[in-house]
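Spelled out, the chains give:
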Amino acid sequence: MRDQKTGAIKTLYNGNSVALFWWYTDSSGLCGVHGNPYVWMIAWQNDGFHWAFIGDYYVKTGEEWHWKNFTNFQGGTLGNDNYQGAGSGTCDVFRTTS
């Protein structure tokens with residue numbers, strides 16, 4: 001995945017800590033792949049705030065009904081408060097439309 005702050009390519013490994021920050025629906029099917037339209041903006045701290053986009057297929061959170069009521073970092077819920085609208089493109093150049 002591409003670090004949107006630095007442009008560097010990063011590899012996530014099982015056990016890396018990232019936050020599920022915002023989520024989008026992918027209208028292009030290029031980041032939200034294999035029939036799973038959800039895309040997460042993930043974030044992490046490493047000498048400052050960094051973020052990247054990753055398809056939910058790789059995060060494996062499951063269907064929206066499963067995680068939409070989980071508490072987010074601000075005390076709200078992922079489903080209601082973290083949805084940011086649609087976007088399109090591959091994950092390294094995912095562009096939001098909202």
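To be clear, the structure that these remarks concern was listed above.
Residues numbered from 1 in each chain as written. Predicted model: local features only at pLDDT ≥ 70, side-chain atom pairs only at ≥ 80, totals over all residues. Heavy atoms only, no water.

A. Spotlight on the overall build of the protein chain. Secondary structure assignment for the protein chain yields three helices and five strands. Beginning at the N terminus, the succession of helices and strands in the protein chain can be written as β-β-β-α-α-α-β-β. Its C-alpha atoms give the protein chain a radius of gyration of 13 Å, within 12% of the compact-globule value 13 Å for 98 residues. Over its C-alpha atoms, taken along the principal directions, the protein chain stretches across nearly 35 × 30 × 25 Å. In the protein chain, which comprises 98 residues, the proportion classed as buried is 36%. (Helix = DSSP H or I, 4+ residues; strand = E, 2+ residues; numbered from the N terminus. Rg over C-alpha atoms; globule rule 2.2 N^0.38 Å. Buried < 20%, exposed > 50% of the residue type's maximum accessible area, 1.4 Å probe, protein only.)

B. Geometry of the side chain of Thr61. Considering the arrangement of structural elements, one finds Thr61 in the loop between helix H1 (56-59) and helix H2 (64-67). Here the side chain of Thr61 touches Asp56 through a polar contact of 2.3 Å, side chain to side chain. A polar contact of 3.2 Å, which involves the side chain of Thr61, links it to the side chain of Trp67. What Thr61 contacts, discounting residues up to four positions off in sequence, is Leu20, Trp40, Asp56, His66 and Trp67. (Polar contact = N/O pair within 3.5 Å; in protein donor to acceptor, adjacent residues only side chain to side chain. Contact = heavy atoms within 4.5 Å.)

C. Quick look at the state of the cysteines. This structure, assessed with the given rule, holds one disulfide. The side chain of Cys31 participates in a disulfide bridge whose partner is Cys91; the two sulfur atoms lie 1.8 Å from each other. Because the sign of the S-S torsion sets the handedness, a value of about 100° for the bond joining Cys31 and Cys91 places this disulfide among the right-handed ones. Of this pair, Cys31 sits in the loop between strand E1 (19-26) and strand E2 (38-45) while Cys91 sits in the loop between strand E4 (83-88) and strand E5 (95-96), and the two are 60 residues apart along the sequence. Comparing Cys31 with Cys91, the two get one shared label, buried. (Disulfide = S-S within 2.5 Å.)

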